[in-house]
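Architecture at a glance
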Amino acid sequence: MKITVPELALVALVGASGSGKSTFARSHFRPTEILSSDFFRGLVRDDENDQSATKDAFDVLHYVAAKRLAAGKMVVVDATNVQPESRKPLVALAREYHCIPVAIVLDLPERVCQDRNKSRPDRDFGPHVVRNHVRSLRQSLRGLEREGFRHVFVLRSEEEIAAATVTREPLYNDRKADHGPFDIIGDIHGCFDELTALLTKLGYAVDGVAVRPPEGRKAVFLGDLVDRGPRSPDVLRLVMGMVADGTALCVPGNHDMKLLRKLRGRDVQITHGLAETREQLAGETPEFVAQVRAFLDGLVSHYVLDGGKLVVAHAGMKAEMQGRGSGKVRDFALYGETTGETDEFGLPVRHNWAAEYRGAATVVYGHTPVPAPEWLNHTLNPRVPRVV
């Protein structure tokens, strides 16, 4: 089995005592990435097999795991993790630090685990311990994804474990190798004519919805491609074509995701320009609408570009969320942060996260109209109000 894990993840090894978790961890992960419950028992009590030290050991293990995740470092938890209550704090840690929780399960036959433990003098507990481990594991195995693990890999034999490989992959938002120059364009809202005029002024060759950029340049669209304006389908065609050609990147806006929910048949309020977009799409072929749905569904919350020096997102991105993946990261990228209050127009009052931003990367975003573009703490919102 080829096991693929994100470069930043919390990996929980799951298996009965004697299933080979520690050997597997040493074979596939760096020593500094592996947090072993046995090691932490020894750390707090000088005895790795002192089960009375378990609570203190896991308190320290979780503390170290949190520090590593906060620093953007992989964590591999080498413990039995066969019960839901032992896995729950691990999923919670991953969510707190906007990392992806991964479970690698070593589901070996009980007999194999028992035989291995017999050969280890430090495993002199009765056979009922392993029996309970195996039973607990198999009772909860099907529920791992419901517990919050995004990826689950199950190895069921010694041969599968020996043949398994572990490959790391960058998160979808990692585009650090892209160095631009970038032309960052936000909140088009169906204004096709204005978009093509802007691209032309920037030196792009525009022929209908076909666009050729200047040499070495790439466009970055900050979302809200649709609603309000008269030609949302054409905006989508142009942007989808550029992304497919590799001449542009695009992140989603809240209007785009609302349209996606509607295209999926969800119940959404037909407000803020969605009615116009629906009417315009009604004149398109079912094939094109399906392409739009697939395109919007594949958009990534934000991108980290230019060696980590530039971050682009629709509504912004806090420093501690950059380059990470979670529901909270996606929500912040789409909506920013609200105070829970509404203004005199009934719109949500947004927290000015940029005023508190202290990250090293420059963040360029849109979403909220501002009187004029301005730099604030390495952030830039270039979106100015316009009448549509």
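In what follows, the structure referred to is the one given above.
Residues numbered from 1 in each chain as written. Predicted model: local features only at pLDDT ≥ 70, side-chain atom pairs only at ≥ 80, totals over all residues. Heavy atoms only, no water.

We now examine the overall build of the protein. From N to C terminus, the protein includes 14 helices and 20 strands. Counting only C-alpha atoms and orienting by the principal axes, one finds that the protein spans roughly 75 × 45 × 45 Å. Relative to its 388 residues, the protein shows a buried fraction of 49%. In the protein, 69% of the contacts between residues at least 6 apart in sequence involve partners at least 24 apart. (Helix = DSSP H or I, 4+ residues; strand = E, 2+ residues; numbered from the N terminus. Buried < 20%, exposed > 50% of the residue type's maximum accessible area, 1.4 Å probe, protein only. Contact = heavy atoms within 4.5 Å.)

Attention now moves to the nonpolar core. Grouped together as the largest cluster of nonpolar side chains are 31 residues, with contacts concentrated most on Phe 221, Leu 225 and Leu 238. Residue assignment for this core shows that the elements contributing at least two residues are α9 (192–201), β12 (218–221), α10 (232–245), β13 (248–250), α11 (254–263), α12 (274–281) and α13 (286–297). For this core, the element with the most residues is α10, which contributes six residues. Residues contacting Phe 221, with those up to four places away along its chain left out, are Ile 185, Ile 188, Leu 195, Leu 238, Val 239, Met 242, Ala 248, Leu 249, Cys 250 and Val 251. Residues Phe 58, Leu 93, Ala 103 and Val 105 belong to the second largest nonpolar core, which totals 28 residues. (Core = buried A, V, L, I, M, F, W, Y, C linked by side-chain atoms within 4.5 Å.)

Along the polypeptide, Val 5 turns up in strand β1 (residues 2–6). Its relative accessible area of 0% is what places Val 5 among the buried residues. Sequence separation between Val 5 and Cys 113 is 108 residues, and the spatial gap between their C-alpha atoms is 26 Å. Apart from residues lying up to four places away in sequence, Val 5 is in contact with Met 74, Val 102, Val 166, Thr 167, Arg 168 and Glu 169.

All right, on to the packing of aromatic side chains then. On inspection of all chains with the given rule, the structure shows four aromatic pairs. For the pair Phe 332 and Trp 353, a centre-to-centre distance of 6.0 Å together with 75° between the ring planes defines the contact as edge-to-face. Residue Phe 332 is located in helix α14 (residues 327–335), and its partner Trp 353 is located in the loop between β17 (348–350) and β18 (362–364); the two are separated by 21 residues in the primary sequence. Classification of Phe 332 as buried rests on a relative accessible area of 5%. With relative accessibility at 6%, the residue Trp 353 sits in the buried group. An angle of 85° between the planes, with centres 5.8 Å apart, marks the rings of Trp 353 and Tyr 357 as edge-to-face. (Phe/Tyr/Trp six-rings, centres within 6.5 Å; stacked < 30°, edge-to-face > 60°.)

The next thing to look at is the sheet that holds strand β2 (residues 9–15). With parallel pairing, the five strands of this open sheet are ordered in space as β3-β4-β2-β5-β6. Single-partner strands in this sheet number two, and they are β3 (34–36) and β6 (151–155). Sheet twist, expressed as the average angle between the axes of neighbouring strands with direction ignored, equals 20°. Bridge analysis of β2 against strand β4 (residues 75–78) gives four bridges, and the strand direction is parallel. Residue Val 11 lies in a different strand from β4, and its bridge partner there is Val 76. (Pairing = 2+ DSSP bridges. Axes fitted to C-alpha atoms, helices over the stretch in contact; angles between N-to-C directions.)

We now examine the sheet that holds strand β20 (residues 379–381). Strand pairing in a sheet takes place through backbone hydrogen bonds and is either antiparallel or parallel in direction. The strand order across the open sheet formed by six strands is β8-β14-β15-β18-β20-β19, and the pairing between neighbours is mixed. Two strands close off the open sheet at either side, each with one partner strand: β8 (174–175) and β19 (374–376). Where β8 lies against strand β14 (residues 302–305), two bridges are found, and the strand directions are parallel. Looking across to β14, one finds that Arg 175 is bridged to Leu 305.

Such coordinate-based values are descriptive only and should not be taken to indicate function.
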